[in-house]
Amino acid sequence: YDYIPETERHGTVRSQFQLWFMVNATLITLYTGAVGPAMGLSLAWSLVAITAGTFAGTLFQAFHGAQGPHMGLPQMIQSRVQFGSAGVLLPIAAATVAPFGFALFFIQTGAHAIMDVSGLDQAAFIQFALTAAAAAIAIVGYRLVMKVETLAAYAIVINFGLLTIAAFVMLPWDGMLAKGAFVATPFVAQFGASAIYQLAIAPIVSDYTRYLPSKTRGAAVSAAVFFGTVSSALWFEAFGATLITAFPDADVVSSLWHLGDSAGFGLGAITMILAAATCLITAAVTAYSGTIAFLSGLEAFRRIEPTAALRAWSIGIGMTFVLIGSLSMSEDTLGSFGAFLSILGYLLIPWTAVNLTDYYFVRRGQYSITDIMRPDGGIYGRWGWIGIISYLAGFMAMIPFVSSALYTGPIAAAIGGADISFVVGLLVSSLLYYKLAQRLDLAAELDLVRK
C-alpha cells in the first residue's frame, strides 16, 4: 500500500491486458450475464444489454488504470486528495468490502466446480483449501499473482474456445433465440449488472497498474485495461446468458459442466478444474487489493510500516472472514451475487465519479505524492469536504431510482422497477464536484506541489 519507486517498476502493457482479461474470465462473470435471461429477457436482447453495460462500466474502470503508473500509488490512497486522509474512510469502507466480497463468491463458485467434477460432498473443506491457497498467493504478492494469471490465461482461452465451438454445434439455437422478448425492466437490470460489475473493479485497478514504469503512456494503459476487460467480460457474460437460456432449470455452473461433458474428451471435467483454478487466482487478486484498501484506511490515524508480517496477518484475517461468509451464504448464488452487485454500485459509483473528475478535469494529475502519504493529509487536509459532499449528494440522488430486493425507490417503481440509479449517481457526483472545485485555489496548490 506504499508508493512504488521507479527502481522497483516493472511489467508491460501487455501483461496488464492479460491480468484484466483473467479478472473477468471466471464463473462469476457467467452469473452476471445470466441476470437478464433469468428475468425473462430474450437472449438477443440480453446480449445487447450485456454489450452496452460492459462498455459503459469498463470505460470508467479503464480511466482509473492510467492513474497507476503516473502516481505509483494504490487506487484508494489516491482518493485522499478528494476526500482528505480521514474523509477517505467513507469510500475506503466500500472499497475494502468490495474485493473481499468478490473473493467470497470466487471461493464459493470454485468449490461448487470442484464438487461437481469430483462428486465430493465436502463443501466446507474445499472452501477452506481454496481460501488458504488464495491467501498464500496474495501474501507472496504482485509478482506471483502476475505469473499465475499469465499461465492461466492461455489455458482458459483454449478451454473456452472449445466450449464455444461446442455451444454453437450442440445447443438448440432456433428455440433459444425464440425464447423471451424485450422487456424494459430486465433489459435495464442486465445493463446495470454488466456495468456495475466493471465499476466495482475500479477501486483495485491502480493497485496493479502502479507497478508499470512511470514513462508508460496513460492512454496505452487505459486501452490495455479496457480491451482486456471487455474481451473476457463479453465472452463470459454472453456464455452465461446462453447457458441459462438453454438450461433454465439448472445452475449456470452445472450447465457449463453438462455442456463440456456432452462434447466429450473429458472437456466438462477439465473445465471445472480450470474454473476452480481461476476462481482461486482471482480471489487472490481481490484479497490483495482489499487488504491494501484496509491498510490505507488505517494510515489515516498513524503511519504504518509495511512488513511481510503485517501483510500476512491482514490478508489472513480478511480471508478468514471471507471463508466464514462463504460457508454461511445461501445456495442461491445468482440471487446473492445480484444483490451484492447492486449494493456495490450504490456505494462505489459516487466515488468513481469524484475521483475521475478530479484527476482528469480539476487537478489534471498534478498531485503531491509526499502529502498524499502523510497521515494528516498535508496540503489536502484530513477532511475534503468538497469530495465528501459530492459523494453524499450523488448517493442521496440515487435513492429514488434504486430498485433492489431490499428497497425500491418511488421513481424506480414508477418506471416498472428499472434501476437507473448508477447513471444518476455518476452525473450528480461528477458535476457537483466539478462545480464546487472551482472554489479551490489550484494555482497556489500547484506551486506547493512543485516545491
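The model shown is predicted, which means the values in this text are computed figures rather than measured ones.

Asker: Even after reading the chapter, I still don't get the overall build of the protein chain, so can you show me in this structure?
Answerer: Along the protein chain, the regular secondary structure elements total 23 helices and zero strands. Relative to the compact-globule value of 22 Å for 451 residues, the protein chain shows a C-alpha radius of gyration of 21 Å, a close match. Seen along its three principal axes, the alpha-carbon backbone of the protein chain occupies a region of about 65 × 50 × 40 Å. Within the protein chain, buried positions represent 57% of all 451 residues. Across the protein chain, the fraction of contacts at a sequence separation of at least 24, relative to all contacts at a separation of at least 6, is 86%. Accessible surface, the protein chain: about 17,700 Å² in total, of which carbon and sulfur atoms supply 70%.

Asker: It is not clear to me how the side chain of N355 should be interpreted in this structure. Could you clarify?
Answerer: Position of N355 relative to the elements: it lies in helix α18 (residues 333-362). Here N355 falls in the buried class, since its relative accessible area comes to 1%. A distance of 3.5 Å separates a polar atom in the side chain of N355 from a polar atom in the side chain of S79. Not counting chain neighbours up to four residues away, the residues in contact with N355 comprise H64, Q67, Q75, S79 and Q82.

Asker: Any chance you could explain the packing of helix α1 (residues 13-24) against helix α10 (residues 142-170) here in plain terms?
Answerer: Two packed helices can be described by the angle between their axes and the distance between those axes. Axis separation between α1 and α10 bottoms out at 9 Å; the angle between their running directions is 70°. Here α1 is positioned roughly perpendicular relative to α10, judged by the angle of their axes. In the packing of α1 onto α10, the handedness of the crossing is left-handed. Where α1 abuts α10, its residues R14, S15, Q16, Q18, L19, F21, M22 and V23 lie against Y142, M146, E149, T150, A152, A153, Y154, I156 and V157. Residue composition of the contact of α1 with α10, by class: 11 nonpolar, four polar and two charged.

Asker: Sorry, what's going on with the nonpolar core here?
Answerer: If you look at soluble globular proteins, the nonpolar side chains tend to sit buried side by side. If you look at the biggest cluster of nonpolar residues, it comprises 116 residues, and the most contacted ones within it are W20, F102, F239, L256, M319 and F337. Take this core: its biggest share by element is 14 residues, from helix α16 (residues 267-298). In this structure, F102 is in contact with Y197, A200, T286, F337, F340, L341 and L344, ignoring residues within four places of it in sequence. Ranked by size, the runner-up nonpolar core spans 16 residues in total, among them A202, V354, I388 and Y391.

Asker: For this particular structure, what's the right way to read the pattern of salt bridges?
Answerer: Pairs can form between side chains of opposite charge whenever their charged atoms are close. Enumeration according to the criterion identifies five salt bridges in this entry. In this structure, E445 engages R363 in a salt bridge whose closest nitrogen and oxygen atoms are separated by 2.5 Å. Note that E445 is positioned in helix α23 (residues 442-450) and R363 in the loop between α18 and α19 (369-372), a separation of 82 residues in sequence. The exposure class assigned to E445 is buried, which follows from its relative accessible area of 12%. We note a salt bridge from R374 to D371, for which the minimum N-O separation is 3.7 Å.

Asker: Would you take a moment to explain a nonpolar patch on the surface for this structure?
Answerer: A grouping of I158, L162, I165, F168, V169 and M170 is seen on the molecular surface, where their side chains present a nonpolar patch of about 640 Å² in accessible area. By secondary structure assignment, the location of L162 is in helix α10.

Calculation criteria
Here, residues in each chain are numbered from 1, in the same order as that chain's written sequence. Local features are withheld for residues below a pLDDT of 70 in this predicted model, meaning they are given only at 70 or higher, and side-chain atom pairs are given and counted only at 80 or more; totals for whole chains, interfaces and linings count all residues. With hydrogens and water excluded, all non-hydrogen atoms of the structure serve as input to the side-chain values. Where helices and strands are cited, they refer to DSSP runs of H or I of at least four residues and of E of at least two residues respectively, numbered from the N terminus. Note on method: radius of gyration uses C-alpha positions; expected globular size equals 2.2 Å times residues raised to 0.38. For every residue, the accessible area obtained with a 1.4 Å probe (protein chains only) is divided by the maximum for its type, and the residue is called buried under 20%, exposed over 50%, and partly exposed between those limits. Whether two residues touch is decided by their heavy atoms; if any such pair falls within 4.5 Å, the residues are in contact. Areas reported as accessible are Shrake-Rupley estimates using a 1.4 Å probe. Residue values count occlusion only from the protein chains shown. Two N or O atoms form a polar contact when they lie within 3.5 Å of each other; inside protein one atom must be a possible hydrogen donor and the other a possible acceptor, and for residues adjacent in sequence the pair counts only when both atoms belong to side chains. Note on definitions: angles span 0 to 180 degrees between N-to-C directions of axes, and those axes are lines fitted to C-alpha atoms, for helices only across the stretch in contact. Under this scheme an angle from 65 to 115 degrees is roughly perpendicular, one under 35 degrees roughly parallel, and one over 145 degrees roughly antiparallel; angles in between are oblique. In this scheme the handedness of a crossing depends on how the near helix is turned from the far one: anticlockwise by less than a right angle means left-handed, clockwise means right-handed. When residues are grouped by polarity, Ala, Val, Leu, Ile, Met, Phe, Trp, Tyr, Cys and Pro land in nonpolar, Asp, Glu, Lys and Arg in charged, and all others, Gly among them, in polar. Residues belong to a common nonpolar core when they are buried Ala, Val, Leu, Ile, Met, Phe, Trp, Tyr or Cys residues joined through side-chain atoms within 4.5 Å. Whenever a carboxyl oxygen of Asp or Glu lies within 4 Å of a side-chain nitrogen of Lys or Arg, that contact is scored as a salt bridge. Exposure above 30% relative accessible area and no salt bridge define the residues that can form patches, which grow by joining like charges within 9 Å and nonpolar side chains of Val, Leu, Ile, Met, Phe, Trp and Tyr within 5 Å.

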